Amino acid sequence: MSMINPRIAALLEVEEIRQLRLRYSASLDSGDIDGLDQVFAPDATVTVTVGTMTGLPAIKAGLADAFRQFDRDGRGRYPFMHAITNHQVTLTGPDTAEGRCYLIDFETASKPDPNPLLLLGLYADHYARIDGAWRIIGTALEVVWPAAEGTR
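Residues numbered from 1 in each chain as written. Predicted model: local features only at pLDDT ≥ 70, side-chain atom pairs only at ≥ 80, totals over all residues. Heavy atoms only, no water.

### Re the packing of aromatic side chains
Quick note on the threshold: Pairing of aromatic rings covers Phe, Tyr and Trp, the last counted by its six-membered ring, and requires centre-to-centre distances within 6.5 Å; plane angles under 30 degrees mean stacked, over 60 mean edge-to-face, and any other angle means tilted. Strands are runs of DSSP state E lasting at least two residues, helices are runs of H or I lasting at least four, and both sets are numbered from the N terminus onward.
For the coordinates displayed, the defined rule picks out four aromatic pairs. Judged by centre distance (5.9 Å) and plane angle (90 degrees), the rings of Tyr24 and Phe40 are edge-to-face. With Tyr24 in helix α1 (residues 6–30) and Phe40 in strand β1 (residues 40–48), the pair connects residues that are 16 residues apart, well separated along the chain. With a centroid separation of 6.1 Å and an interplanar angle of 80 degrees, the aromatic rings of Phe67 and Phe80 are classed as edge-to-face. With Phe67 in helix α2 (residues 56–70) and Phe80 in strand β3 (residues 80–93), this pair connects stretches of sequence that are 13 residues apart.

### Brief notes about the pairing of strand β2 (residues 51–54)
Convention followed: We call two strands paired when DSSP finds no fewer than two bridges between them.
Taken together, the four bridges between β1 and β2 define a ladder with antiparallel strand orientation. Following the sheet pairing, Thr47 is matched in β2 by Thr52.

### Brief notes about the pattern of salt bridges
Our working definition: Any carboxyl oxygen of Asp or Glu that lies within 4 Å of a side-chain nitrogen of Lys or Arg is treated as forming a salt bridge with it. Think of it in three bands: with a 1.4 Å probe and only protein chains considered, a residue is buried below 20% of the maximum accessible area for its type, exposed above 50%, and partly exposed in between.
Taken as a whole and judged by the stated rule, the model has eight salt bridges. Here Asp125 makes a salt bridge to Arg21, at a shortest N to O gap of 2.8 Å. Here Asp125, found in strand β5 (residues 117–130), pairs with Arg21, found in helix α1; they are 104 residues apart in sequence, far enough to count as distant. For Asp95, the salt bridge goes to Arg129, with nearest N and O atoms at 2.6 Å. Of the two residues, Asp95 sits in the loop between β3 and β4 (96–107) while Arg129 sits in strand β5, which places them 34 residues apart along the sequence. Judged by relative accessible area, Arg129 falls into the partly exposed class, the value being 24%. Salt bridges sharing common partners tie together Glu13, Asp95 and Arg129.

### Notes on unusual backbone geometry
The residue after Trp145, namely Pro146, is reached through a cis peptide bond having omega 0 degrees. Along the chain, Pro146 turns up in the segment after β6 (133–145). You will see that Tyr78, though not glycine, has its phi angle at about 50 degrees, which is positive. Along the polypeptide, Tyr78 turns up in the loop between α2 and β3. What makes Tyr78 partly exposed here is its relative accessible area of 31%. A positive phi angle is found at Asp131, which is not glycine, with a value near 50 degrees. With respect to the helices and strands, the residue Asp131 is situated in the loop between β5 and β6.

This is how it looks when you write it as structure tokens:
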């Protein structure tokens, strides 16, 4: 039986979950696609600007392709930088949680438009503890800016 105060234990769980988004950003931005193994569940679903991907192999392939598309300078790292802020996490059970966070997505590769912002968005995540480790089991990105065609 754990001797940790339940409120402190909950804070530790929330921090471990928040680290998933930071790990995601570091892995994707640096081109470490295999690092996503430590972020997503094997059967996770990811919905982002490039579409919906289900299962870790499809997620890794889709995000690797997005990385290649944005690496216009051929540097092999940091063609974009995902800044995660305002991360709210709610524990919904002993092994489940939900969260939302802001995304400020910067583009660092050369492009005709000097604006470094690629997009502003909100991630809505679902998490589960699997084999003792927290993983994202589902995420959807809502792009707030720029507005999609026909939504202005």
